[in-house]
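Spelled out from the first residue to the last, the chains are:
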Amino acid sequence: NERDALILQMGSPDHSFAIEAVRMLNAQNWLRNGSLINAHLIHANLEGANLQDVPLVCSRLALANLRHAKLTHANLSHAYLKGADLQSACLRGADLRGANLNDANLMDAHIDEATLFDAETILPDCTYWEEGNDISRYTNPEHPYFWQPKHRTAA
């Protein structure tokens, strides 16, 4: 059907093709209605995509280009974001409980206290989140213990 074809297109490594799918999914109100729960978007080029308030629960976004993406209040709980590029993405108020961020690039990502983590959230350095973690260690290159992935995927 058309919705499934657009979700498949959204997972494209071709930026303009993927962004056009986001636009069309949004026009049909399929972005926010749960259609992307469990979506396979591995290697998707969603740089700059507006995915605010989108439920992406259990979505597979490994190695996705999400640079500058607007993920404010997106539900990324239990999403598989291994190796994803989230540089300069807006994750304010996003739900990252149980998400796998192993080897993800969070440099300059916008994360605030409303962003949700839990003990099942895997951080970029493959450790689990715990109360008191300093997330700026992954987002702020000026942090004395700044951590970023050793291997970068081509944008």
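A brief report on the enclosed structure follows. As the structure is a prediction and not an experimental result, all values here were calculated from the model.

**A few points about the overall build of the protein**
Argument step 1. Helix and strand content of the protein: three helices and zero strands.
Argument step 2. Written out in order from the N terminus, the α and β elements of the protein read α-α-α.
Argument step 3. The C-alpha radius of gyration of the protein comes to 14 Å, within 12% of the 15 Å expected for a compact globule of 155 residues.
Argument step 4. Referenced to the eigenvectors of the C-alpha coordinate spread, the extents of the protein come out at roughly 50 × 30 × 20 Å.
Argument step 5. Within the protein, the proportion of its 155 residues that are buried is 48%.
Argument step 6. Long-range pairs, those at least 24 residues apart, make up 21% of the contacts in the protein between residues at least 6 apart in sequence.
Argument step 7. Summed over all atoms, the accessible surface of the protein reaches about 7700 Å², with 49% contributed by carbon and sulfur.

**A few points about helix H1 (residues 2-10)**
Argument step 1. Of all the positions in H1, only Leu6, Ile7, Gln9 and Met10 are classed as buried. The buried residues of H1 occupy one face: seen down the axis, they fall within an arc of 160 degrees.
Argument step 2. Packed against the buried residues of H1 are helix H2 (15-27).

**Observations regarding the environment of Asn50**
Argument step 1. Mapped onto the elements of the fold, Asn50 is located in the loop between H2 and helix H3 (136-139).
Argument step 2. Look at Asn50 and you get partly exposed, because its relative accessible area is 35%.
Argument step 3. Separated by 45 residues in sequence, Asn50 and Asp95 have C-alpha atoms that sit 16 Å apart.
Argument step 4. Dropping the residues within four chain positions of it, Asn50 is found in contact with Val22, Leu31, Arg32 and Lys70.
Argument step 5. A polar side-chain atom of Asn50 sits 3.2 Å from a polar atom in the side chain of Gln52.

**Let's talk about the packing of aromatic side chains**
Argument step 1. All told, the structure shown has two aromatic pairs when counted by the stated rule.
Argument step 2. When the ring of Phe117 is compared with that of Trp129, the centres are 6.0 Å apart and the planes differ by 15 degrees; the resulting orientation is stacked. A residue pair is termed long-range when its members are at least 10 positions apart, and Phe117 in the loop between H2 and H3 and Trp129 in the loop between H2 and H3 qualify at 12 residues. Taken as a pair, Phe117 and Trp129 share a single burial class, namely buried.
Argument step 3. With a centroid separation of 6.3 Å and an interplanar angle of 70 degrees, the aromatic rings of Tyr138 and Trp147 are classed as edge-to-face.
Argument step 4. Residue Tyr138 is classed as buried on the basis of its relative accessible area, which comes to 3%.
Argument step 5. Since its relative accessible area comes to 15%, Trp147 is described here as buried.

Reading the values: the criteria
- Residues numbered from 1 in each chain as written.
- Predicted model: local features only at pLDDT ≥ 70, side-chain atom pairs only at ≥ 80, totals over all residues.
- Heavy atoms only, no water.
- Helix = DSSP H or I, 4+ residues; strand = E, 2+ residues; numbered from the N terminus.
- Rg over C-alpha atoms; globule rule 2.2 N^0.38 Å.
- Buried < 20%, exposed > 50% of the residue type's maximum accessible area, 1.4 Å probe, protein only.
- Contact = heavy atoms within 4.5 Å.
- Areas by Shrake-Rupley, 256 points an atom, 1.4 Å probe, with all protein chains shown as cover.
- Arc of directions from axis to C-beta.
- Polar contact = N/O pair within 3.5 Å; in protein donor to acceptor, adjacent residues only side chain to side chain.
- Phe/Tyr/Trp six-rings, centres within 6.5 Å; stacked < 30°, edge-to-face > 60°.

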